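# An overview of the molecular structure
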Amino acid sequence: MKHTRNLNAWPLLVALLVVACTPDPPESTTVPAPALPELPPAPVFDADSAYAFVKQQVDFGPRVPGTKAHQACADWMVARLKAAGAEVIEQTGTVTVYTGQKMPLRNIIARWRPEATDRILLLAHYDTRPYADKDNVRKNEPIDGANDGGSGVGVLLEIARHLAGKEHGPGVDILFTDVEDHGQPSGAMSGDDNGIDTWALGAQYFAKNPHVPGYKARFGILLDMVGAKDAVFYREAISMQFAPAIVAKVWRTAAALGHGERFVQETKYFVGTDDHVPINRDLRIPTVDVIEFHEASGSFHPSWHTHADNMDVIDRATLNAVGHTVLEVVWRER
Ligand code: AHN
Ligand code: ZN
């Protein structure tokens with residue numbers, strides 16, 4: 001046998017073999033993320049409309065449970081929600097306030113696309129405090145509650161106007177709670193836990209008797225005192241304990257929309273209690289409280305539970321920052 005093989009040809013042969021045996025490489029070695037369908041852009045939040053909704057509540061008079069003004073305002077809210085295409089469920093009952101007095105309770109629940117099992121909950125209280133215990137004058141007279149009561153409802157009624165147009169993602173519920181603000185005086189932010197359960201009676205009732213047995217939502221957002229000029233919203237401490245991921249979502253969205261100066265990435269205080277507590281604790285729905293902390297007073301807004309809580313403190317820019325953010329958060333869920 002003649003050896004005619006040229007040893008110098010070996011490397012070429014090996015190279016050819018390797019090429020021949022290697023399968024065609026895929027076009028790209030990184031797996032592209034599955035293309036998610038584009039989300040429809042969020043509707044424009046109209047702060048003038050929200051402002052008008054706050055004023056209309058105040059024009060009814062103080063919304064103290066059991067009064068004509070409270071009933072008329074609740075009827076008007078139900079009409080607004082139905083006009084926005086919601087199915088409305090009213091939850092009525094009787095609760096006992098800290099004085100032992102029995103009070104009628106009327107929670108209002110509005111649902112869009114009720115057949116969707118995956119849901120988002122937005123809430124605010126609509127009753128107003130029956131007295132001005134933080135004021136120096138007319139302490140026994142009820143307050144307007146433009147900020148405390150009016151503002152959260154005003155923002156949510158404006159958001160409600162757009163919800164019939166939301167056809168993607170989870171269904172939305174708006175809960176207007178009653179008898180939030182009939183708690184024992186000086187319970188809030190005083191450091192003593194005395195009477196903490198005397199607040200948020202409507203939310204407590206809802207959490208124990210939801211309109212749907214076993215009611216669940218992805219998350220909840222509570223709006224409380226979201227209308228005062230120059231209001232700043234810190235990451236509220238109870239929300240940080242129960243729902244840190246939702247706090248991150250809401251505050252991140254606010255910053256992305258240019259409202260980072262108001263939605264500050266800092267935890268400064270503990271509200272004592274609010275409507276989000278029973279929703280978190282009993283229904284286990286991670287729920288955040290967007291509530292003003294007033295740096296100068298080291299507490300809530302200086303008008304809190306005084307007669308100064310009237311339309312003069314309400315500012316469209318604040319309503320806009322909150323409404324714009326919440327509408328965007330809701331629209332971004334897929
Ligand atoms: C307490 O008063 C304990 N927490 C604040 C709840 C509240 C009252 N929100 C508005 N008014
Ligand atoms: Zn209050």
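See the structure above.
Described in the following lines is the structure provided in the data block. (Residues numbered from 1 in each chain as written. Chains lettered and ligands numbered in written order. Predicted model: local features only at pLDDT ≥ 70, side-chain atom pairs only at ≥ 80, totals over all residues. Heavy atoms only, no water.)

With that settled, the discussion passes to the overall build of the chain. Of the regular secondary structure elements, the chain holds nine helices and eight strands. Per-residue burial over the chain gives 54% buried out of 334 residues. Excluding contacts between residues fewer than 6 apart, the proportion of contacts in the chain whose partners are at least 24 apart in sequence is 79%. About 15,500 Å² of surface is accessible on the chain, with carbon and sulfur atoms providing 55% of the total. (Helix = DSSP H or I, 4+ residues; strand = E, 2+ residues; numbered from the N terminus. Buried < 20%, exposed > 50% of the residue type's maximum accessible area, 1.4 Å probe, protein only. Contact = heavy atoms within 4.5 Å. Areas by Shrake-Rupley, 256 points an atom, 1.4 Å probe, with all protein chains shown as cover.)

Bringing the packing of aromatic side chains into the picture now. Under the criterion given, the structure shown has eight aromatic pairs. Considering the side-chain rings of Tyr234 and Phe293, the 5.9 Å spacing of their centres and the 80 degrees angle between planes classify their relative orientation as edge-to-face. In this pair, Tyr234 is assigned in strand E6 (residues 233-234) and Phe293 in the loop between strand E8 (287-291) and helix H9 (316-332), connecting sequence segments 59 residues apart. Like Phe293, Tyr234 is buried. Considering the side-chain rings of Tyr269 and Phe293, the 4.4 Å spacing of their centres and the 20 degrees angle between planes classify their relative orientation as stacked. Of this pair, Tyr269 sits in the loop between strand E7 (263-264) and helix H8 (276-281) while Phe293 sits in the loop between E8 and H9, and the two are 24 residues apart along the sequence. When its relative accessible area of 7% is taken as the criterion, Tyr269 is described as buried. Phe293 gets classed as buried once you look at its relative accessible area, which sits at 8%. Ring-pair connections join several aromatic residues into one group, and the members of that group are Phe53, Phe60 and Trp76. (Phe/Tyr/Trp six-rings, centres within 6.5 Å; stacked < 30°, edge-to-face > 60°.)

This next bit is on the coordination of the zinc ion (ligand 2). The zinc ion (ligand 2) binds to the protein through Asp148 (OD), Asp181 (OD), Asp181 (OD) and His305 (NE2), with metal-donor distances spanning 1.9 to 2.4 Å. The sequence motif formed by the donor residues of the zinc ion (ligand 2) is D-x32-D-x123-H. Linking Asp148 in helix H4 (residues 146-163) with Asp181 in the loop between strand E4 (171-177) and helix H5 (201-208), this pair joins segments that are 33 residues apart in sequence. By relative accessible area, which is 2% here, Asp181 ends up buried. (Donors = N, O, S within 2.8 Å, 3.2 Å for Na, K, Ca; no water.)

The next thing to look at is the sheet that holds strand E3 (residues 119-125). Within the open sheet, the six strands sit side by side as E1-E2-E4-E3-E5-E8. Their pairing is mixed. One side of each edge strand has no neighbouring strand; the edge strands of this open sheet are strand E1 (87-96) and E8. Taken pair by pair, the neighbouring strands of this sheet meet at an average axis angle of 20 degrees, ignoring direction. Sheet analysis places strand E5 (residues 219-224) next to E8, joined by five bridges and oriented parallel. Bridging from a neighbouring strand, Asp224 pairs with Ile291 of E8. Across the sheet, H4 touches strand E2 (102-112), E3, E4 and E5, and the angle it forms with E3 is around 145 degrees. Seen against the sheet, H9 touches E3, E4 and E5 and runs at an angle of roughly 170 degrees to E5. (Pairing = 2+ DSSP bridges. Axes fitted to C-alpha atoms, helices over the stretch in contact; angles between N-to-C directions.)

These figures come from the coordinates and say nothing about function on their own.
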